[in-house]
Amino acid sequence: MTSTSNPILDRAAAHGVSLEMQGAVAVVRLCRPAKRNALNDGLVEGLRDVFQNLPAEAGAAVIHGEGDHFCAGLDLSELKERDAGEGIHHSRGWHVALNAIEQGRVPVVAALHGAVVGGGLELASASHIRVADESTFYALPEGTRGIFVGGGGSVRVPKLIGAARMTDMMLTGRVYNAQDGERVGFAQYLVPTGSALPKAIELAARIATNAPLTNFALMHALPRIAEQPADHGFFTEALISSIAQAAPEAKARVRAFLEGKAAKVQKAD
């Protein structure tokens, strides 16, 4: 287990975002437990800086929250009076930070526990895989507080659970528990309380062994293909497939399988 040190990452740590390497996995931690890891401007800037400057050896990343909660949303104690123009720029700053997670260099696994609320849910939805433990709960209270999501939630959350469910959450203040959240699509994995982080690191370590170009295609090409008209999607798929399979690492992996040196897919337990 190694830690990193450079001026950008040191500044992120000062804002409450730490980075520690565990092999090829970059473990990113929100470090404001007394505030339930609520997102202020410094924390958002720290997330941006970390994910834009991951170490070269990182093949995957995990993001989690210190203390009892993943992230309880926007730090309302620091909410400022903004005019419309200032509000737009502030929201766009969040977009840059969360895009650095979703559209960065490596796949990101979120380890969820406790509150995944408001901006915390927007943050979780920017990751590629979400592992929730049984203490997790999800909410979007912005609608009942007279505000609207501004960190990309209106784009990302409906892709997970549908626009109708998101509308219900914001209109009524509905809270989903861990079991119902996994059922509707907030998380792909549901694990016992306290085990989300080790499960997320296990998954990230496995992901980091994949061919980098395949991981990149899954992060960047697959979401775009899913939103393209079918004919465009088929063409994009053909291009990406040919590029991925032409990589030397891909050829070596296929050759190993054909020579009986790679494990075959087995039925799940």
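Residues numbered from 1 in each chain as written. Predicted model: local features only at pLDDT ≥ 70, side-chain atom pairs only at ≥ 80, totals over all residues. Heavy atoms only, no water.

**Student:** Would you mind going over a nonpolar patch on the surface with me for this structure?
**Tutor:** Taken together, the side chains of Leu213, Phe216, Phe235, Leu239 and Ile243 present a nonpolar region at the surface, about 480 Å² in accessible area. When residues in the nonpolar patch are grouped by element, the largest group, 3 residues, is from helix α10 (residues 230-246). For leucine 213, the location among the structural elements is in helix α9 (residues 212-227). A relative accessible area of 36% places leucine 213 in the partly exposed class. (Patch = residues over 30% accessible without salt bridge, like charges linked within 9 Å, V, L, I, M, F, W, Y side chains within 5 Å. Areas by Shrake-Rupley, 256 points an atom, 1.4 Å probe, with all protein chains shown as cover. Salt bridge = Lys/Arg side-chain N within 4 Å of Asp/Glu carboxyl O. Helix = DSSP H or I, 4+ residues; strand = E, 2+ residues; numbered from the N terminus. Buried < 20%, exposed > 50% of the residue type's maximum accessible area, 1.4 Å probe, protein only.)

**Student:** Is there a simple way to think about the packing of aromatic side chains in this case?
**Tutor:** Inspection of every chain in the model, using the stated rule, returns 2 aromatic pairs. With centroids separated by 4.5 Å and ring planes inclined at 15°, the aromatic side chains of tyrosine 138 and phenylalanine 186 adopt a geometry described as stacked. One end of the pair, tyrosine 138, is in strand β8 (residues 137-139); the other, phenylalanine 186, is in the loop between α7 (178-184) and β10 (189-191), with 48 residues separating them in the sequence. You can call tyrosine 138 buried: its relative accessible area is 0%. Here phenylalanine 186 falls in the buried class, since its relative accessible area comes to 1%. Taking 5.8 Å as the distance between ring centres and 75° as the angle between the ring planes, the aromatic pair formed by tyrosine 176 and phenylalanine 186 counts as edge-to-face. Linking tyrosine 176 in strand β9 (residues 175-177) with phenylalanine 186 in the loop between α7 and β10, this pair joins segments that are 10 residues apart in sequence. The pair formed by tyrosine 176 and phenylalanine 186 is uniform in burial state, with each residue classed as buried. Grouped by ring-pair contacts, the aromatic residues Tyr138, Tyr176 and Phe186 constitute a single cluster. (Phe/Tyr/Trp six-rings, centres within 6.5 Å; stacked < 30°, edge-to-face > 60°.)

**Student:** Even after reading the chapter, I still don't get the environment of isoleucine 207, so can you show me in this structure?
**Tutor:** Among the secondary structure elements, isoleucine 207 is positioned in helix α8 (residues 196-207). C-alpha of isoleucine 207 to C-alpha of valine 149: the two residues are 58 residues apart in sequence and 31 Å apart in space. When neighbours within four sequence positions are excluded, isoleucine 207 is seen to be in contact with Ala60, Pro107, Val109, Ile129 and Asn215. (Contact = heavy atoms within 4.5 Å.)

**Student:** Help me understand the packing of helix α1 (residues 7-14) against helix α2 (residues 41-52), please; the structure alone is not making it clear to me.
**Tutor:** Two quantities define a packed helix pair, namely the angle between the axes and the distance from one axis to the other. Where α1 meets α2, the closest approach of the two axes is 8 Å, and the angle between their N-to-C directions is 150°. Judged by the inter-axis angle, α1 sits roughly antiparallel to α2. You can see that α1 and α2 cross each other, and the crossing is left-handed. For the pair formed by α1 and α2, the contact residues are Ile8, Leu9, Arg11 and Ala12 on the first element and Gly46, Asp49 and Val50 on the second. Partitioned by chemical class, the residues of the contact of α1 with α2 number 4 nonpolar, 1 polar and 2 charged. (Axes fitted to C-alpha atoms, helices over the stretch in contact; angles between N-to-C directions. Parallel < 35°, antiparallel > 145°, perpendicular 65-115°, else oblique. Left-handed = near helix turned anticlockwise from the far one by under 90°. Nonpolar A, V, L, I, M, F, W, Y, C, P; charged D, E, K, R; others polar.)

Remember that the coordinates give geometry; whether it matters functionally is a separate question.
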